[in-house]
Amino acid sequence: MMADAKVIPFDDDRSRARRRPARSEDPAGPDTGTAAVRALPGAREAGQPAAPEPAAPGVGAPGSGAEASGAAEASAGEASGGRSGWERRLAGGLAFLRRRVTGEYEVDEFGYDAELTDQVLMSLLRPVYEKYFRVEVKGVENIPEKGGALIVANHSGTLPLDGLMMQVAVHDHHPAGRHLRLLAADLVFVLPVVNELARKAGHTLACAEDAERLLRAGEVVGVMPEGFKGIGKPFSERYKLQRFGRGGFVSTALRAGVPIVPCSIVGAEEIYPMIGNAKTLARLLGLPYVPITPTFPWLGPLGALPLPTKWTIQFGEPIPTDSYPAEAAEDPMLMFNLTDQVREQIQHTLYKLLVQRRSVFF
């Protein structure tokens, strides 16, 4: 049975990196291996030649234990440096498993496990990102290098793979190596297995309280305001943004004083072209929709595979909010205007990317 991880307060050290033990100093000092010859006190005054001072035990003496130990350490270092890549990866993997079994890892109060995300979850998503969807990223430098930021993106694709690909894009391409904390729907956190994986990957419930706490703590937070209206829309309405709710994300950004970064994703609409919706079955299963695509359910499990479309993710110019007064978050007209500005910027970029796209698959 795996031991429980240590839970750290969210405002503690954000790096979550364990401290390595300090390297012990060499007892022989920096001059180890050199013959220190000094004149004895008063030797030159007496007209006698200076005699060498007796060397300390183990220092500079040929064949001494210290010299043999140093040679052994050098040989071990050379052997370690000469290890093949797979041996280093194996050693790192075994150390990772040991930490998981013994519970020597940390999660924050939202359940985010940085080590598991970096070493396992991102590694599983990266081949899909790089080889299957061949994602091209633009404008990632528009995400601030430090401090909180709210990324607002369009949502599509029947299954929410676009959020995961956006998370890999920020993780792998941002100059500061930032992590994206996605806000997810309630349904994600009631599904077995999916719930645990979402928490470990840094996702949290899409509510204003959690979003504001993350933003004030300096995290990059991602939200897709279209929700199920976006990913469940028919193929005939592809790349037409649905309503952005009541502008709650704008209010959250205003209260936290963080910039809003619009994000446009092209390619996700075609992975599961939704040509129908089994509404009766969806109501029986308690799901927002049950999609019917050209391959599902006709091809069975094979029809559940997404089509290998070519993706582009573009992060737009940030919209600052720190210049607004504190009471601006309660101004409905301001929230409406900012929401409309973000939506229009995302829609305009979508149209621009679609014009530039030569093919859905290449």
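These figures come from a predicted structure and were not determined experimentally. (Residues numbered from 1 in each chain as written. Predicted model: local features only at pLDDT ≥ 70, side-chain atom pairs only at ≥ 80, totals over all residues. Heavy atoms only, no water.)

Observations concerning the overall build of the protein chain
Summing up its helical and strand segments, the protein chain has 10 helices and 11 strands in all. Buried positions account for 39% of the 362 residues belonging to the protein chain. Across the protein chain, contacts joining residues at least 24 apart in sequence account for 75% of those joining residues at least 6 apart. Surface summary for the protein chain: the accessible area is close to 20700 Å², and the carbon and sulfur share equals 59%. (Helix = DSSP H or I, 4+ residues; strand = E, 2+ residues; numbered from the N terminus. Buried < 20%, exposed > 50% of the residue type's maximum accessible area, 1.4 Å probe, protein only. Contact = heavy atoms within 4.5 Å. Areas by Shrake-Rupley, 256 points an atom, 1.4 Å probe, with all protein chains shown as cover.)

Looking at the nonpolar core
Within soluble globular proteins, side chains that are nonpolar tend to cluster in buried spots. Leu150, Val152, Phe249 and Val342 are the most contacted members of the largest nonpolar core, which has 30 residues in total. The set of elements that each furnish at least two residues to this core consists of β4 (149–153), α6 (208–216), β7 (220–223), α8 (248–256), β8 (260–266) and α10 (332–356). Top contributing element to this core by residue count: α10, with seven residues. In this view, Val152 contacts Val223, Pro225, Phe244, Phe249, Ile260, Val261, Pro262, Cys263, Val342 and Ile346; residues no more than four positions away in its chain are not counted. Counting residues in hydrophobic clusters, the runner-up holds 27 residues, among them Tyr129, Ile151, Leu180 and Phe315. (Core = buried A, V, L, I, M, F, W, Y, C linked by side-chain atoms within 4.5 Å.)

Notes on the pattern of salt bridges
Evaluation of the coordinates by the stated rule reveals 13 salt bridges. Where Asp108 meets Arg181, a salt bridge forms, and the shortest distance between an N and an O atom there is 3.1 Å. Linking Asp108 in the loop between β2 (106–107) and α3 (114–132) with Arg181 in strand β5 (residues 180–184), this pair joins segments that are 73 residues apart in sequence. Overall, Arg181 belongs to the buried group, its relative accessible area being 0%. The partner of Arg213 in a salt bridge is Glu109, with the nearest N and O atoms 2.3 Å apart. (Salt bridge = Lys/Arg side-chain N within 4 Å of Asp/Glu carboxyl O.)

Focus: unusual backbone geometry
A negative phi holds for most residues other than glycine; trans holds for most peptide bonds. Put simply, Phe296 and Pro297 share a cis peptide bond, and its omega is 10°. In this structure, Pro297 sits in the loop between β10 (291–292) and β11 (312–315). The backbone of Arg134 sits at a positive phi, close to 50°, despite the residue not being glycine. With respect to the element layout, Arg134 can be found in the loop between α3 and β3 (136–138). What makes Arg134 partly exposed here is its relative accessible area of 26%.

Thoughts on the sheet that holds β7
Sheets are built from strands that pair by backbone hydrogen bonding, the pairs being arranged parallel or antiparallel. Strand order in this open sheet of seven strands is β3-β11-β8-β4-β7-β5-β6, and the pairing throughout is mixed. Strands with a single pairing partner mark the edges of an open sheet, and in this sheet they are β3 and β6 (204–205). With four bridges joining them, β8 and β11 adopt antiparallel strand pairing. Paired with Ser264 across the strands is Gln314, a residue of β11. Strand contacts of α8: β4, β7 and β8, with the helix running at about 165° to β4, the strand carrying the most contacts. (Pairing = 2+ DSSP bridges. Axes fitted to C-alpha atoms, helices over the stretch in contact; angles between N-to-C directions.)

Notes on the pairing of β11
As judged from the three bridges shared by β3 and β11, these two strands associate in the parallel manner. Looking across to β11, one finds that Glu136 is bridged to Thr312.

Regarding helix α2 (residues 85–102)
Between the first and last C-alpha of α2 there are 26 Å, a value that for 18 residues agrees with the 26 Å anticipated at 1.5 Å per step. Each element contacted by the buried residues of α2 is listed here: α3. Gly103, located one to two residues past α2, shows a positive phi value of around 80°. (Expected span 1.5 Å × (residues − 1).)

Notes on the packing of aromatic side chains
Remark: the centre distance and the inter-plane angle together describe each pair of aromatic rings, the angle taken between the planes. With the rule as written, the count across this model stands at three aromatic pairs. Note on Phe133 and Trp311: the rings are 4.6 Å apart at their centroids and 25° apart in plane angle, and the pair reads as stacked. Separated by 178 residues along the polypeptide, Phe133 in the loop between α3 and β3 and Trp311 in the loop between β10 and β11 bring together distant segments of the chain. Residue classification places Phe133 among the buried positions, given a relative accessible area of 1%. Consider the rings of Phe244 and Phe249, whose centres lie 6.1 Å apart with planes at 75°: the pair is edge-to-face. Just as Phe244 is buried, Phe249 falls in that class too. An aromatic cluster is defined as three or more aromatic residues linked by ring pairs; in this entry it consists of Tyr132, Phe133 and Trp311. Cation over ring: Arg238 sits above Phe235, and NZ or CZ is 4.1 Å from the ring centre. (Phe/Tyr/Trp six-rings, centres within 6.5 Å; stacked < 30°, edge-to-face > 60°. Lys NZ or Arg CZ within 6 Å of the ring centre and 35° of its normal.)

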